[in-house]
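Here's the letter readout for the chains.
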Amino acid sequence: MGADSEDAVKQLSLLMEQVEAPLKRSFQNVHQGYPKETMMRFLKAREWNVSKAHKMIVDSLNWRIQNEIDTVLERPIVPVDLYRSIRDSQLVGLSGYTKEGLPVFAIGVGHSTYDKASVHYYVQSHIQINEYRDRIILPRLSQQFGRPVTNCIKVLDMTGLKLSALSQIKMLTSISTVDDLNYPEKTETYYVVNVPYIFSACWKVVKPLLQERTKKKVKVLSGCGRDELLKIMDYSSLPHFCRREGSGSSKHSPSDVDNCFSLDHPFHKELYGHIKEQASHRELIKMGSLHVSIPEPDPNDAKIVEVIEAEFQKMGEQDGSANGHNE
């Protein structure tokens, strides 16, 4: 870390000492004993501009307080059948760890349907996974390795991505806005695998719009990405959809214990068990979903969504005319 960035952290630290007590308490939940590393993430997200990073942290802490994020791990999604259907339609899980000890989160982008519950439940579930990662998994790893482990890698499976995914763009934008503004710089690298033509076409038009910092984080791998990923993790940590070429759908796996998206996978059992246990300490379990207010997306991100929508539209029209000629 250079002298300029050291200086930026010091300046931001002084500003954070002046925030009100409720924000300070919430900030402790965010930094988990690593305030410097946390401030660096917000500074990176705002190109090391101290006043913008300060505003970003304060806005995020206010959002946490207004939306009861600090107690979100005490709010189980019940009944369990509803939670299971969320897991079956919002495909995300922890498949293992890299050789350097970073958690490997797998996301089934192409097969996630988000059609089994309200938007609020999906956003709540996403935030719970973020909070469990940041407040349980990463502190545990930091203790284990004797150094701060503050981010993860994500493997995105594009198997099954279709033009109909356009209907999910609003949901995905809500989730990515929550992440961008409140969990910045938490992902070291995004590995994209099982890429169909539709993704390649969108990537071509979206890539030039991304910030250089973001572009460097995205690595599109050939096929299921197994050989590349085995350079950074053991076979046992590979997401199930990367384990053999042509394994097809990320949704189905020989065993639900291997399928890190399934509620029967050890990660999801542990996460759900933890939330239920935390809830049992409260006298009253609040029923229903947590209604989280979604912040306004960054104008540049909104532009990217428009470009994706336009590209999907264009491909849909081309498909339509091609089918017309075939008849």
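What counts and how
- Residues numbered from 1 in each chain as written.
- Predicted model: local features only at pLDDT ≥ 70, side-chain atom pairs only at ≥ 80, totals over all residues.
- Heavy atoms only, no water.
- UniProt positions renumbered as here; feature names shortened; annotations may be inferred.
- Helix = DSSP H or I, 4+ residues; strand = E, 2+ residues; numbered from the N terminus.
- Axes fitted to C-alpha atoms, helices over the stretch in contact; angles between N-to-C directions.
- Parallel < 35°, antiparallel > 145°, perpendicular 65-115°, else oblique.
- Contact = heavy atoms within 4.5 Å.
- Nonpolar A, V, L, I, M, F, W, Y, C, P; charged D, E, K, R; others polar.
- Pairing = 2+ DSSP bridges.
- Buried < 20%, exposed > 50% of the residue type's maximum accessible area, 1.4 Å probe, protein only.
- Phe/Tyr/Trp six-rings, centres within 6.5 Å; stacked < 30°, edge-to-face > 60°.
- Lys NZ or Arg CZ within 6 Å of the ring centre and 35° of its normal.

A.B. asks: Would you mind going over the UniProt feature "domain: CRAL-TRIO" (unreviewed entry) in the protein in detail, with residue names and values included?
C.D. replies: Within the UniProt annotation, "domain: CRAL-TRIO" (unreviewed entry) is assigned to residues 79-239. Helix makes up 44% of residues 79-239 and strand 17%, with an end-to-end C-alpha separation of 28 Å.

A.B. asks: Can you explain the packing of helix H5 (residues 80-89) against helix H6 (residues 119-145)? Please cite residues and give values.
C.D. replies: Relative to each other, H5 and H6 sit at 80°, their axes nearing to 11 Å. In terms of their interaxial angle, H5 and H6 are classed as roughly perpendicular. Residues Leu82, Tyr83, Ile86, Arg87 and Ser89 of H5 form the contact with H6, whose participating residues are Tyr121, Tyr122, Ser125 and Ile129. Residues that form the contact of H5 with H6 fall into these classes: six nonpolar, two polar and one charged.

A.B. asks: Describe the sheet that holds strand S3 (residues 152-157), naming the residues involved and giving the relevant values.
C.D. replies: A sheet is described by the order of its strands in space; here five strands give the open sequence S1-S2-S3-S4-S5, paired in mixed fashion. With partners counted over all chains shown, the strands left at the sheet margins are strand S1 (92-97) and strand S5 (218-220), one partner each. Put simply, the sheet's adjacent strands are angled 25° from each other on average, direction ignored. Direction of pairing for S1 relative to strand S2 (residues 103-108): antiparallel, over a ladder of five bridges. Paired with Tyr97 across the bridge in S2 is Pro103.

A.B. asks: For the environment of Val9, give the residues involved together with the corresponding values.
C.D. replies: Tracing the backbone through its elements, the reader meets Val9 in helix H1 (residues 3-17). Residue Val9 is classed as buried on the basis of its relative accessible area, which comes to 7%. Measuring from C-alpha to C-alpha, the distance between Val9 and Met40 comes to 6.6 Å, with 31 residues separating the pair along the chain.

A.B. asks: An account of the packing of aromatic side chains is needed here, citing residue identities and associated values.
C.D. replies: Counted by the stated rule, this structure contains six aromatic pairs. Ring geometry for Tyr83 against Tyr272: centres 4.5 Å apart, planes inclined by 10°, an arrangement best described as stacked. Here Tyr272 lies in helix H11 (residues 266-280) and Tyr83 lies in helix H5, a separation of 189 residues in the sequence. Accessibility expressed as a relative area gives 1% for Tyr83, which makes it buried. Looking at Tyr272, the relative accessible area reads 6%, which means it is buried. Relative to Phe261, the ring of Phe241 lies with its centre 5.9 Å away and its plane at 25°, an arrangement referred to as stacked. Of this pair, Phe241 sits in the loop between helix H10 (226-229) and H11 while Phe261 sits in the loop between H10 and H11, and the two are 20 residues apart along the sequence. Comparing Phe241 with Phe261 shows no difference in burial state: the two are buried. Three or more aromatic residues joined by ring pairs form one cluster here, namely Phe105, Tyr132 and Phe267. For Arg147, the ring lying beneath its charged end belongs to Phe145, and the centroid distance is 5.0 Å.

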